[in-house]
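# Structure at a glance
If you want the building blocks of each chain, they are given just below.
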Amino acid sequence: MSDVTSDHALLERIQAGDKSACAECIEMYGAGIYRLALHLTQHEADAEDVVQETFLSAFKSIDRFEGRSSLKTWLYRITYNAAMMHLRRQNPALVSMDAPDTHPDVPLAETLINWCCLPESDFETGEVRAELERAIRELPETLRAVFILRELEGLSTQECADVLQISDANVKQRLHRARLWLRERLSVYFAEWV
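A short tour of the structure in this document, coming up.

### Comments concerning the pattern of salt bridges
The final tally for this structure, using the stated rule, is eight salt bridges. Close ionic contact of Arg13 with Glu24 constitutes a salt bridge, the shortest N to O distance being 2.7 Å. Residue Arg13 is found in helix α1 (residues 3–15), and its partner Glu24 is found in helix α2 (residues 19–41); the two are separated by eleven residues along the sequence. With relative accessibility at 29%, the residue Arg13 sits in the partly exposed group. For Glu131, the salt bridge identified is with Arg134, shortest N-O distance 2.2 Å. Linking Glu131 with Arg134, this pair stays in helix α6 (residues 126–138), spanning three residues, or about one helical turn. Beyond isolated ion pairs, a larger network of salt bridges with shared partners links Arg13, Asp18 and Glu24.

What follows is the structure in structure tokens.
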């Protein structure tokens, strides 16, 4: 059975009030939703709250789900909105969901690193992983959301656009800027290795 078929069957069961289908949905998508919430809120307790808000909101409004996107994309959109609202409640000046891409242009790398010559085992160390996670946390919110959805969660460009309610071109632009931003931040760190 294809993912689309199984998604549709699961959706029908949830809409029919099948509690086991709700549990399957949580089992199927909960980990990805938690990762997204954690990357956006940057706190475990906040991420857990966002996950609960996501599934409660989704199951309450499941009858209004029109199926224009996949169930996964719809759940990620709810998660993104819940995380942004959670952040906004904590610090209203911190997050503006309506703001266009107003972050400064991404600078060109000051240090050029030949990434091909670093052994893969170096990238698997806890220290490098922590540095990468720190750099991702420091990304501007609009870039971080696209990077997490596309690179860490594996959503397609179209799915990212649906979740964030922006154009495909905007997703591509933000992803490009996020990669450049991360490359600049990590070049300084890896310059010490070369």
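### Comments concerning the nonpolar core
One recurring pattern in soluble globular proteins is that nonpolar side chains are buried together. Counting 52 residues, the largest nonpolar core has Leu71 and Leu75 as the members making the most contacts within it. Those elements giving two or more residues to this core turn out to be α1, α2, α3 (44–60), α4 (71–90), α6, α7 (141–152), α8 (157–164) and α9 (168–191). A per-element tally of this core places α4 first, with ten residues. Sequence-distant contacts of Leu71, defined by excluding residues within four places in its chain, comprise Asp7, Leu10, Leu11, Cys25, Tyr29, Ile62 and Phe65.

### Some points on α4
Between its terminal C-alpha atoms α4 stretches 29 Å, which fits the 28 Å expected from 20 residues at 1.5 Å a residue. A large share of α4 lies buried, amounting to 14 of its 20 residues.

### Structural notes on the packing of aromatic side chains
A complete count under the given rule lists two aromatic pairs for this structure. With a centroid separation of 4.6 Å and an interplanar angle of 40°, the aromatic rings of Phe65 and Trp74 are classed as tilted. Just as Phe65 is buried, Trp74 falls in that class too. Sitting over the ring of Trp181, Arg185 keeps its end group 3.8 Å from the ring centre.

### Considering the layout of surface pockets
Considering only enclosed or pocket space, the second largest pocket measures out at about 300 Å³ in volume. The wall of the second largest pocket is formed by 13 residues, among which Phe65, Arg68, Ser69, Trp74 and Gln165 lie closest to the centre. Counting residues per element, the lining of the second largest pocket draws most heavily on α4, at three residues. For the lining of the second largest pocket, the per-class residue count stands at three nonpolar, five polar and five charged.

### Considerations on the packing of α2 against α4
Contact geometry for α2 and α4: axes closest at 10 Å, N-to-C directions at 35°. When you trace α2 past α4, the crossing you get is right-handed. Across the interface between the two elements, Cys25, Tyr29, Gly32, Ile33, Leu36, Ala37, Leu40 and Thr41 from α2 touch Leu71, Lys72, Leu75, Tyr76, Thr79, Tyr80, Ala83, Met84 and Leu87 from α4. Among the residues forming the contact of α2 with α4, the class breakdown is 13 nonpolar, three polar and one charged.

Rules of the game
- Residues numbered from 1 in each chain as written.
- Predicted model: local features only at pLDDT ≥ 70, side-chain atom pairs only at ≥ 80, totals over all residues.
- Heavy atoms only, no water.
- Salt bridge = Lys/Arg side-chain N within 4 Å of Asp/Glu carboxyl O.
- Helix = DSSP H or I, 4+ residues; strand = E, 2+ residues; numbered from the N terminus.
- Buried < 20%, exposed > 50% of the residue type's maximum accessible area, 1.4 Å probe, protein only.
- Core = buried A, V, L, I, M, F, W, Y, C linked by side-chain atoms within 4.5 Å.
- Contact = heavy atoms within 4.5 Å.
- Expected span 1.5 Å × (residues − 1).
- Phe/Tyr/Trp six-rings, centres within 6.5 Å; stacked < 30°, edge-to-face > 60°.
- Lys NZ or Arg CZ within 6 Å of the ring centre and 35° of its normal.
- 1 Å grid on protein atoms, 1.4 Å probe; cavity = no way out; pocket = protein on both sides within 12 Å on 5 of 7 lines; lining within 4 Å.
- Points joined across faces, edges and corners; volume = space filled by probe spheres on them.
- Nonpolar A, V, L, I, M, F, W, Y, C, P; charged D, E, K, R; others polar.
- Axes fitted to C-alpha atoms, helices over the stretch in contact; angles between N-to-C directions.
- Left-handed = near helix turned anticlockwise from the far one by under 90°.

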